[in-house]
There are 2 protein chains.
Amino acid sequence: MKTYSISELAAEFGITPRAIRFYEDEELIKPTRQGQSRIYSPRDRVRLALILRGKRVGFSLIEIKEMLDLYDINDGQVTQLAVTVRKFSERISLLERQRADIEHALEELRTARARIEVLLSEKDPHHKAEEPHGRLIGFSVNSGVHD
Amino acid sequence: MKTYSISELAAEFGITPRAIRFYEDEELIKPTRQGQSRIYSPRDRVRLALILRGKRVGFSLIEIKEMLDLYDINDGQVTQLAVTVRKFSERISLLERQRADIEHALEELRTARARIEVLLSEKDPHHKAEEPHGRLIGFSVNSGVHD
DNA sequence: ATGTGATTTGACGTTTACGTCAACGGAAGT
DNA sequence: ACTTCCGTTGACGTAAACGTCAAATCACAT
């Protein structure tokens, strides 16, 4: 079974060894050792990928640990199932809202960019999207208040 | 034109006055004053909403400030348009990836929850999604490694 | 005049997620 | 044996985004 060194994984995921050790301190991964050096299994690598994705969607390391622990419990342990379901549900609706927020933001950014590009091509029909300087005229700020 | 006090807005948005003052320190909002007290306009309120949404989608306060400034520039100022377009584009692709990550996470959470609920209803057909305790069996962790 | 409540300005504390040395330890090439 | 690389363990530093007092002010009701 293939293994990885800490710097291998760090390079692959674009993070520092320090970060990976930190995740270990926080008990998100427990690589084996060969002497004093850490040895990472493919499973550790997957966990690392999950950790990073968790981070990208806004989870804290503690939350990510909880979720990874939930995955681990699969090996036949007892847990508070209903509580788990509730947590998952909460998490899901949080994510759904987050996704909605992102879609709003994307929409605004896209229209803003579009208007800017119109301005650019008006001033300079040969523009290749890389010239500097210009004048910005106006995309309003009115939406955004929910609830 | 209606105005708001700091605690009014704090209550409405579920944050503390301290947070709002902090945003002012960081120059994301500039309410007027009545004596020593801060007075918030509807426009300030909208900015606050935008700030909070920005936060939810993962922007830092500095980034949010930059974007709000860009919106403000609409009043006829000069800026580096092409740079702006580039920044917007970068931001857009970041958000798109984030959205994809969220959709992955949502998928996993939903299927995990579904399996748990199946287990729950097997053990207890009368379950109303609030009972405690149980046994969890297994949803695998294999996807998630992109690039 | 005095108490009550909201607000303000410091100023220091806190949490999260690492960054940044420093000093040391094996392994491997020459 | 010596240097050159990783890699390891502390230990301290840091940036972001507020939290948490404390002390003072001000508007108002009693």
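You'll find the structure just up there.
These numbers were taken from a predicted model, which means no experiment stands behind them. (Residues numbered from 1 in each chain as written. Chains lettered and ligands numbered in written order. Predicted model: local features only at pLDDT ≥ 70, side-chain atom pairs only at ≥ 80, totals over all residues. Heavy atoms only, no water.)

**Quick look at the overall build of chain A**
Here is step 1 of the chain: Helix and strand counts for chain A stand at 5 helices and 4 strands.
Here is step 2 of the chain: In sequence order, the secondary structure elements of chain A are arranged as α-α-β-β-α-α-β-α-β.
Here is step 3 of the chain: Looking at chain A as a whole, 40% of its 147 residues are labelled buried.
Here is step 4 of the chain: In chain A, the share of contacts with a sequence separation of at least 24, taken over all contacts with a separation of at least 6, comes to 50%. (Helix = DSSP H or I, 4+ residues; strand = E, 2+ residues; numbered from the N terminus. Buried < 20%, exposed > 50% of the residue type's maximum accessible area, 1.4 Å probe, protein only. Contact = heavy atoms within 4.5 Å.)

**Details of helix 2 (residues 17-25) of chain B**
Residue and element names in this part refer to chain B.
Here is step 1 of the chain: All of the buried residues along helix 2 are A19, I20, Y23 and E24. Looking straight down helix 2, one finds that the buried residues subtend no more than 145 degrees of arc, so they occupy a single side. What points out from helix 2, more than 90 degrees from its buried face, is the exposed set R18 and D25.
Here is step 2 of the chain: Two residues or fewer past helix 2, E27 is found with a positive phi of approximately 65 degrees. (Arc of directions from axis to C-beta.)

**Quick look at the environment of B:R21**
Residues and elements named next belong to chain B.
Here is step 1 of the chain: Among the structural elements, R21 can be located in helix 2.
Here is step 2 of the chain: Expressed as a C-alpha distance, the spacing of R21 and R38, which sit 17 residues apart in the sequence, is 9.4 Å.
Here is step 3 of the chain: For R21, the residues in contact, after removing those within four places along its chain, are I6 and R38.

**Concerning the side chain of A:D44**
Residues and elements named next belong to chain A.
Here is step 1 of the chain: Position of D44 among the secondary structure elements: in helix 3 (residues 42-56).
Here is step 2 of the chain: At 4.8 Å, R43 is the nearest oppositely charged side chain to D44, a buried residue that forms no salt bridge.
Here is step 3 of the chain: Look past the residues within four positions of D44 in its chain and what remains in contact with it is I29, K30, P31 and I39. (Lys, Arg positive; Asp, Glu negative; His and termini not counted. Salt bridge = Lys/Arg side-chain N within 4 Å of Asp/Glu carboxyl O.)

**Some points on the protein's contact with DNA strand C**
Here is step 1 of the chain: Lining the immediate environment of DNA strand C, one finds 17 residues, of which A:T16, A:Y23, A:K55, B:S7 and B:R38 sit closest.
Here is step 2 of the chain: Atoms of DNA strand C within 4 Å of the protein belong to the sugar or the phosphate in 68% of instances, the rest to bases.
Here is step 3 of the chain: Interatomic distance of 2.5 Å between a side-chain N/O atom of A:T16 and a phosphate oxygen of DNA strand C.
Here is step 4 of the chain: Within the side chain of A:R18, a nitrogen or oxygen atom sits 2.9 Å from a base oxygen of DNA strand C.
Here is step 5 of the chain: Mapped onto the surface near DNA strand C, the elements with two or more residues apiece are helix 2 (17-25) and helix 4 (61-73) of chain A together with helix 1 (6-13) and strand 2 (37-39) of chain B.
Here is step 6 of the chain: Residue contributions to the surface near DNA strand C peak at 4 residues, all from helix 2 of chain A.
Here is step 7 of the chain: Of the residues assigned to the surface near DNA strand C, the class counts are 6 nonpolar, 6 polar and 5 charged. (Near = heavy atom within 4 Å. Polar contact = N/O pair within 3.5 Å; in protein donor to acceptor, adjacent residues only side chain to side chain. Nonpolar A, V, L, I, M, F, W, Y, C, P; charged D, E, K, R; others polar.)

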